Amino acid sequence: MKKKKIIFVTGITCAFLIILGGIIHNQYTKQPVDLREKYPLILERDYAFHEAGFSFETRISMAPNVAEIQIVKRLKDYTVTVGDAAYGTSKKVTFCQYQAKLVSAIGDSGIVTDSDGTFTLIFAKDFSQSYPALEKGMQAICSIGAAAGVHEGKYIFVDRSFYFVDGQTALAAYEGDDSPASRMCAKEDLVAKIKEIREKR
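So, here is what we can say about the structure in this document. (Residues numbered from 1 in each chain as written. Predicted model: local features only at pLDDT ≥ 70, side-chain atom pairs only at ≥ 80, totals over all residues. Heavy atoms only, no water.)

## Remarks on the pattern of salt bridges
Our working rule: For this analysis, a salt bridge means a side-chain nitrogen from Lys or Arg found within 4 Å of a carboxyl oxygen belonging to Asp or Glu. Numbering of helices and strands runs from the N terminus, with a helix taken as a DSSP run of H or I at least four residues long and a strand as a DSSP run of E at least two residues long. A simple rule labels every residue: compare its accessible area, found with a 1.4 Å probe on the protein chains alone, to the largest value its type can have, and call it buried under 20%, exposed over 50%, or partly exposed in between.
Per the counting criterion, the structure on display carries 10 salt bridges. With its nearest N and O atoms 3.0 Å apart, the salt bridge here joins Glu44 to Arg160. With Glu44 in the loop between α1 (2–38) and α2 (56–62) and Arg160 in strand β5 (residues 155–166), this pair connects stretches of sequence that are 116 residues apart. A relative accessible area of 40% means that Glu44 is categorised as partly exposed. Taking the relative accessible area as the measure of exposure, Arg160 reaches 13% and is therefore buried. A salt bridge links Glu196 to Lys193, with the shortest nitrogen-to-oxygen separation between them at 3.5 Å. A residue pair is termed a helical-turn pair when its members lie 3 or 4 positions apart in one helix, as Glu196 and Lys193 do in helix α3 (residues 187–199) at three residues. Since its relative accessible area comes to 39%, Glu196 is described here as partly exposed.

## What about the nonpolar core?
What counts here: Side-chain atoms within 4.5 Å are what join buried Ala, Val, Leu, Ile, Met, Phe, Trp, Tyr and Cys residues into a set we call a nonpolar core. Note on definitions: a residue-residue contact is assigned when non-hydrogen atoms from the two residues lie within 4.5 Å.
Among the nonpolar cores identified, the biggest contains 27 residues, and Ile69, Phe119, Leu121, Leu134, Ile144, Phe157 and Phe162 are the most heavily contacted of them. Every element with two or more residues in this core is listed here: β1 (65–84), β2 (89–105), β3 (118–124), β4 (139–146) and β5. Of all the elements, β5 adds the most residues to this core, at four residues. Excluding its chain neighbours within four sequence positions, the residues that come into contact with Leu134 are Ile71, Tyr98, Phe123, Phe157 and Phe162. Of all hydrophobic cores here, the second largest spans 16 residues; its members include Ala63, Ala170, Ala172 and Val191.

## Some remarks on α3
The criterion, for reference: Helix span is expected to be 1.5 Å times the residue number reduced by one. The arc in question is the one spanned by the directions pointing from the helix axis to the C-beta atoms.
In a regular helix each residue adds 1.5 Å, so 13 residues correspond to 18 Å; α3 covers 18 Å between its end C-alpha atoms and thus fits that length. Buried residues of α3: Lys187, Leu190, Val191, Ile194, Ile197 and Arg198, and no others. Relative to the axis of α3, the buried residues are bounded by an arc of 125 degrees and lie together on one face. Turned more than 90 degrees away from the buried face of α3 sit Glu188 and Glu199, all of them exposed. Along its buried surface, α3 packs onto α2, β1, β4, β5, β6 (169–172) and β7 (185–186).

Taken by themselves, the reported measurements are silent on function.
Written out as structure tokens, the structure is:
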């Protein structure tokens, strides 16, 4: 009887370990796919700007600021008139803008926030397909620069260094990215690599 009880308990334990192993396996094998469904990859053909094919290391080294941010909310779009004095032409351009919270600067930072720790991010609405679909609560690590002219006091994304942050995981937003987050990596690993690059500047 005792022998049968031991065999029964052993069988239950093995079954539990097999099920647990399957759960862990699924978490690690399905997570990249699940995150990519949540955060679609921006393909090369959808990126509207001509940009030299700089490596991740070069982009991070050249970026004015690299920071982890959280989108607070979308603000009202605004329109400015841009023109070419030489040809006497002008055009109205609409800009999308978002209130973002500075979660943390990675390395030295020139981002100036309001008293509540937020700042405004902008981009031209005509090129919205070139940027991630920003939503309230979304967190990301990205390269940011100060806007100029009529946009002074606001900020822009300076290149394709944009990494979605989901919990403790980071995932690149753009096709062809060569960072540790090109497929998926721990956020702390991406942050450590960025700090290493920026400290060498």
